[in-house]
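Okay, here's what each chain looks like letter by letter:
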Amino acid sequence: MNKEASTGDKFHRQAISAAAAQARIMPFVATSGIERVKITESAGRILAEDIYAPHPYPYFRRSGMDGYAIISGDTQNCSAEQPVLLEVVDQIPCGSLPAIQILPGTAARIMTGAKVPDEADTVVMLEMTEQKVQDGVTYVKLIREIPPGKNITPVGFEVADGDKLLDKGCKISAGEISVLATFGLAEVPVMRRPQVAVLSTGSELLKVEEPLQDGKIRNSNTYMLACQIAEAGGEPHLLEAIPDQLDRARQIISEALASYDIVITTGGVSVGDYDIMADLVKGPDVELLFNKVMMRPGSVTTAAVQDGKLLFALSGNPGACFVGFELFVRPLIGGMLGRPQPFLPEIEAELGADYPKINNFTRFVRGRLELSTGKPVVYPALLDESSVMITIKDSDVLIVIPPTTTGIQAGEKVKALKLSGAAW
Ligand SMILES: Nc1nc2c(c(=O)[nH]1)N[C@H]1C(S)=C(S)[C@@H](COP(=O)(O)OP(=O)(O)OC[C@H]3O[C@@H](n4cnc5c(N)ncnc54)[C@H](O)[C@@H]3O)O[C@H]1N2
Ligand code: MOO
Ligand SMILES: [Mg+2]
């Protein structure tokens with residue numbers, strides 16, 4: 001076996017708080033640039049420019065009902081006893097323009113969404129009318145007064161010409177796509193997705209399609225990270241595993257940093273004999289940002305910079321790997337995309353169950369958010385160890401448990417960070 005034991009001084013590490021670690025990363029946010037994509041490919045992307053309305057919306061006075069466009073004054077004193085007959089002089093389907101001027105005593109049959117003739121000031125719905133044909137002439141019979149302005153949507157009812165429609169930095173979802181389509185933006189300016197390389201370490205890792213072998217496990221972290229990267233707005237690239245030989249590993253990481261915007265490794269970052277990442281983040285070309293964070297899971301989370309690009313060495317333990325990404329990589333990707341608030345949103349909640357574990361580091365405990373009682377209550381996962389994989393899927397928050405010598409009781413107020421969930 002061609003293994004090279006790591007020898008570096010990885011035992012002496014200066015621990016900093018999670019907030020301080022985030023603050024060390026954010027100065028390296030570089031804009032990821034702009035590209036134009038078809039509207040059909042813009043879902044989930046981040047808008048790169050403010051968008052203003054090139055015209056009012058609606059653009060023309062629009063009928064809200066199938067019925068008749070009339071002049072309201074023609075229905076004055078109209079009643080069942082004294083009905084009014086208006087001659088139907090035009091038919092206006094949706095998409096067609098009125099062809100004949102509406103004069104007093106006349107009406108146009110009109111469909112929902114069609115342009116109302118300029119002279120008409122109200123639309124009466126079909127159900128309130130009766131059609132009559134006398135001597136080959138078609139009339140509409142009305143039996144009550146119709147006030148002006150009924151069932152007509154005025155020009156600019158939703159949006160005035162020049163209004164700001166969408167903010168740069170927003171995430172494009174169904175509502176935004178509807179706006180873009182309405183205003184004719186077939187090509188959408190979006191932020192280029194940061195290109196993120198993911199490399200695993202460790203001789204125990206099997207590919208997902210390989211049969212299980214005793215003493216080995218399937219690599220789950222790189223697939224989990226790929227999902228987190230995509231969901232955060234980046235484009236994941238799963239590279240080959242890093243070998244244990246230090247020089248070769250250094251070369252592979254250097255190449256990855258030259259080719260991608262961000263590089264993430266998982267595993268090999270603690271103090272074990274083959275934990276080579278601690279040595280890799282030191283060197284003449286590499287600036288270490290931190291290699292110990294006062295948090296659990298993920299206390300060994302490490303970040304370094306080479307040529308202005310970030311290398312994250314996340315823990316191999318799945319729980320710690322997940323949390324390390326959410327706290328440190330997600331905000332960097334969000335910042336590169338111009339998101340106004342790239343960090344996980346923080347809420348205040350009540351702790352739903354006792355959390356008896358003591359710790360002198362802050363814990364980011366995966367948990368479940370319940371809103372059914374009308375106030376947010378968070379329940380820690382029953383298995384929340386760093387090495388535990390199975391409960392990551394059940395979590396929609398990270399409950400922030402500050403350092404404690406007694407544990408925390410149910411009912412106490414805690415902070416929780418909302419996880420946004422996977423997109424594919
Ligand atoms: N003597 C000490 N031992 C450990 C310490 C310590 O302070 N002193 N820290 C512990 C803590 S805390 C953590 S977290 C882990 C960090 O481990 P590494 O980042 O070095 O990761 P590995 O040693 O490579 O693996 C740990 C664990 O994770 C599994 N793993 C690794 N990669 C993957 C992957 N891609 N998919 C799924 N699972 C993966 C690996 O098989 C191990 O079980 O160190 C503690 N030890
Ligand atoms: O660094 Mo480890 O994830 O604290 O458990
Ligand atoms: Mg290790």
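Predicted, not measured: the structure shown is a model, and the values here were computed from it.

(A) Structural context of the layout of surface pockets. In this structure, the largest pocket spans a volume of roughly 540 Å³. Lining the largest pocket are 34 residues; nearest its centre among them are Ser315, Gly316, Asn317, Pro318 and Ser386. Those elements that place two or more of their residues in the lining of the largest pocket are strand S15 (217–218), helix H6 (318–336) and strand S23 (362–370). Element by element, the count of residues in the lining of the largest pocket is highest for S23, at three residues. In the lining of the largest pocket, the residues fall into 11 nonpolar, 15 polar and eight charged.

(B) Region of interest: the site of ligand 1. Not every one of the 19 residues close to ligand 1 is listed here, only the nearest: Glu204, Asn219, Gly268, Ser270 and Gly316. A distance of 2.9 Å separates a nitrogen atom of ligand 1 from a polar side-chain atom of Asn219. In this structure, an oxygen atom belonging to ligand 1 sits 2.9 Å away from a main-chain N or O atom of Gly316. The protein chains hide 68% of the 870 Å² of surface that ligand 1 would expose on its own.

(C) Quick peek at the pairing of S23. With seven of nine residues buried, S23 is to be regarded as a mostly interior element. Inspection of the sheet shows strand S19 (residues 295–296) paired to S23 by two bridges, in the parallel sense. Residue Arg296 lies in a different strand from S23, and its bridge partner there is Arg363. As defined by bridge partners, S23 adjoins strand S24 (residues 377–380) across four bridges and the pair is classed as antiparallel. Among the inter-strand pairings, Arg368 is bridged to a residue of S24, identified as Tyr379.

(D) Region of interest: the coordination of the magnesium ion (ligand 3). Bound to the magnesium ion (ligand 3) on the protein side are Asp275 (OD) and Asp275 (OD), at distances that span 2.3 to 2.4 Å. Relative to the elements of secondary structure, Asp275 occurs in the loop between strand S17 (262–266) and helix H5 (277–280).

(E) Examining the packing of aromatic side chains more closely. Counted under the stated rule, the structure contains two aromatic pairs. A ring pair is formed by Tyr57 and Phe183, whose centres lie 6.0 Å apart and whose planes are at 65°; its orientation type is edge-to-face. Residue Tyr57 is found in the loop between strand S2 (51–52) and strand S3 (62–63), and its partner Phe183 is found in the loop between helix H2 (174–182) and strand S12 (187–191); the two are separated by 126 residues along the sequence. For Phe183, a relative accessible area of 9% gives the class buried. Considering the side-chain rings of Phe290 and Phe328, the 5.5 Å spacing of their centres and the 50° angle between planes classify their relative orientation as tilted. Here the residue Phe290 occupies a position in strand S18 (residues 286–290), and Phe328 occupies one in helix H6, the gap between them amounting to 38 residues. When sorted by exposure, Phe290 lands in the same class as Phe328, which is buried.

(F) Local environment of the packing of helix H3 (residues 221–232) against H6. At a minimum axis distance of 10 Å, the contact between H3 and H6 shows a crossing angle of 25°. On the basis of their axis angle, the class for H3 and H6 is roughly parallel. As H3 runs across H6, the sense of the crossing is right-handed. Of the residues in H6, those touching H3 at Asn221, Met224, Leu225, Gln228, Ile229, Glu231 and Ala232 are Pro318, Cys321, Phe322, Phe325, Glu326, Arg330 and Ile333. Its residues assigned to classes, the contact of H3 with H6 shows nine nonpolar, two polar and three charged.

(G) Just unusual backbone geometry, in detail. Looking along the chain, the bond that leaves Tyr57 and enters Pro58 is cis, with omega of -5°. With a phi close to 60°, Asn77 is a non-glycine residue in the positive phi region. Positioned with a positive phi, Asp307 is a non-glycine residue whose angle comes to about 50°. Take Asp307: it is sitting in the loop between strand S20 (302–306) and strand S21 (309–314). The class of Asp307 is exposed, set by a relative accessible area of 73%.

(H) Layout of the site of ligand 2. For ligand 2, the full set of nearby residues is Arg296, Pro297, Gly298, Ser299, Val300, Ala320 and Ser386. At 2.6 Å, a backbone N or O of Ser299 approaches an oxygen atom of ligand 2. Interatomic distance of 2.7 Å between a side-chain N/O atom of Ser386 and an oxygen atom of ligand 2. Judged by its atoms lying within 2 Å of the grid points, ligand 2 is housed in the largest pocket. A breakdown of the residues in the shell around ligand 2 according to their chemical character gives three nonpolar, three polar and one charged.

Conventions and cut-offs
Residues numbered from 1 in each chain as written. Chains lettered and ligands numbered in written order. Predicted model: local features only at pLDDT ≥ 70, side-chain atom pairs only at ≥ 80, totals over all residues. Heavy atoms only, no water. 1 Å grid on protein atoms, 1.4 Å probe; cavity = no way out; pocket = protein on both sides within 12 Å on 5 of 7 lines; lining within 4 Å. Points joined across faces, edges and corners; volume = space filled by probe spheres on them. Helix = DSSP H or I, 4+ residues; strand = E, 2+ residues; numbered from the N terminus. Nonpolar A, V, L, I, M, F, W, Y, C, P; charged D, E, K, R; others polar. Near = heavy atom within 4 Å. Polar contact = N/O pair within 3.5 Å; in protein donor to acceptor, adjacent residues only side chain to side chain. Areas by Shrake-Rupley, 256 points an atom, 1.4 Å probe, with all protein chains shown as cover. Buried < 20%, exposed > 50% of the residue type's maximum accessible area, 1.4 Å probe, protein only. Pairing = 2+ DSSP bridges. Donors = N, O, S within 2.8 Å, 3.2 Å for Na, K, Ca; no water. Phe/Tyr/Trp six-rings, centres within 6.5 Å; stacked < 30°, edge-to-face > 60°. Axes fitted to C-alpha atoms, helices over the stretch in contact; angles between N-to-C directions. Parallel < 35°, antiparallel > 145°, perpendicular 65-115°, else oblique. Left-handed = near helix turned anticlockwise from the far one by under 90°. Contact = heavy atoms within 4.5 Å. Sits in = over half its atoms within 2 Å of the grid points.

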